[in-house]
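Structural characterization, general
Take a look at the letters that make up each chain.
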Amino acid sequence: MPMLEGVFVPPHVTPFDEDENINGPVLRELVHHFINAGLNGLVSLGSNGEFPYLSFEEKLRVVEIVREEAPHQRSR
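Anyway, here's the lowdown on the structure attached to this text. (Residues numbered from 1 in each chain as written. Predicted model: local features only at pLDDT ≥ 70, side-chain atom pairs only at ≥ 80, totals over all residues. Heavy atoms only, no water.)

Overview of the overall build of the chain
Helix and strand counts for the chain come out as two helices and zero strands. For the chain, the spread of C-alpha atoms along the three principal axes comes to 35 × 25 × 20 Å. A total of 76 residues make up the chain; the buried ones form 28% of that total. Side-chain charges of the chain comprise 6 positive and 12 negative groups, with the mean position of each set lying 12 Å from the other. (Helix = DSSP H or I, 4+ residues; strand = E, 2+ residues; numbered from the N terminus. Buried < 20%, exposed > 50% of the residue type's maximum accessible area, 1.4 Å probe, protein only. Lys, Arg positive; Asp, Glu negative; His and termini not counted. Charge placed at Lys NZ, Arg CZ, Asp CG, Glu CD.)

Here is the structure:
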């Protein structure tokens, strides 16, 4: 198993819009902000408290957005 190296952001928030839906554009901005700041990894759906309240589809959407926006450097 590869070792994680570098600087990882503590669990980032999952932004919601005024209708309590995941705010995809703001999440994309957050990912770009963290990556541009030099972080090596993100912790999505961590300990901010929203995880148990999201549906499976919402959790999947968060992960999809983060993976789409983060650099495509995957562990092999």
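Observations regarding the packing of helix α1 (residues 24–36) against helix α2 (residues 56–69)
The contact between α1 and α2 brings their axes to 9 Å, and the two run at 45°. As summarised for this structure, α1 and α2 are arranged oblique, according to the angle between their axes. When you trace α1 past α2, the crossing you get is right-handed. Here Gly24, Leu27, Arg28, Val31 and His32 of α1 come into contact with α2, specifically with Arg61, Val62, Ile65, Val66, Glu68 and Glu69. (Axes fitted to C-alpha atoms, helices over the stretch in contact; angles between N-to-C directions. Parallel < 35°, antiparallel > 145°, perpendicular 65-115°, else oblique. Left-handed = near helix turned anticlockwise from the far one by under 90°. Contact = heavy atoms within 4.5 Å.)

A look at the pattern of salt bridges
Tallied over the full model, the rule gives four salt bridges. Arg61 is the salt-bridge partner of Glu64, the closest N and O atoms lying 3.4 Å from each other. Placement of both Glu64 and Arg61 in helix α2 is noted, with a separation of three residues, approximately one turn of the helix. The exposure class of Glu64 is partly exposed, given its relative accessible area of 35%. Linking Arg61 and Glu68 is a salt bridge whose minimum nitrogen-to-oxygen distance equals 4.0 Å. Owing to a relative accessible area of 41%, Glu68 belongs among the partly exposed residues under this scheme. Via salt bridges that share partners, Arg28, Arg61, Glu64, Glu68 and Glu69 belong to a single interconnected network. (Salt bridge = Lys/Arg side-chain N within 4 Å of Asp/Glu carboxyl O.)

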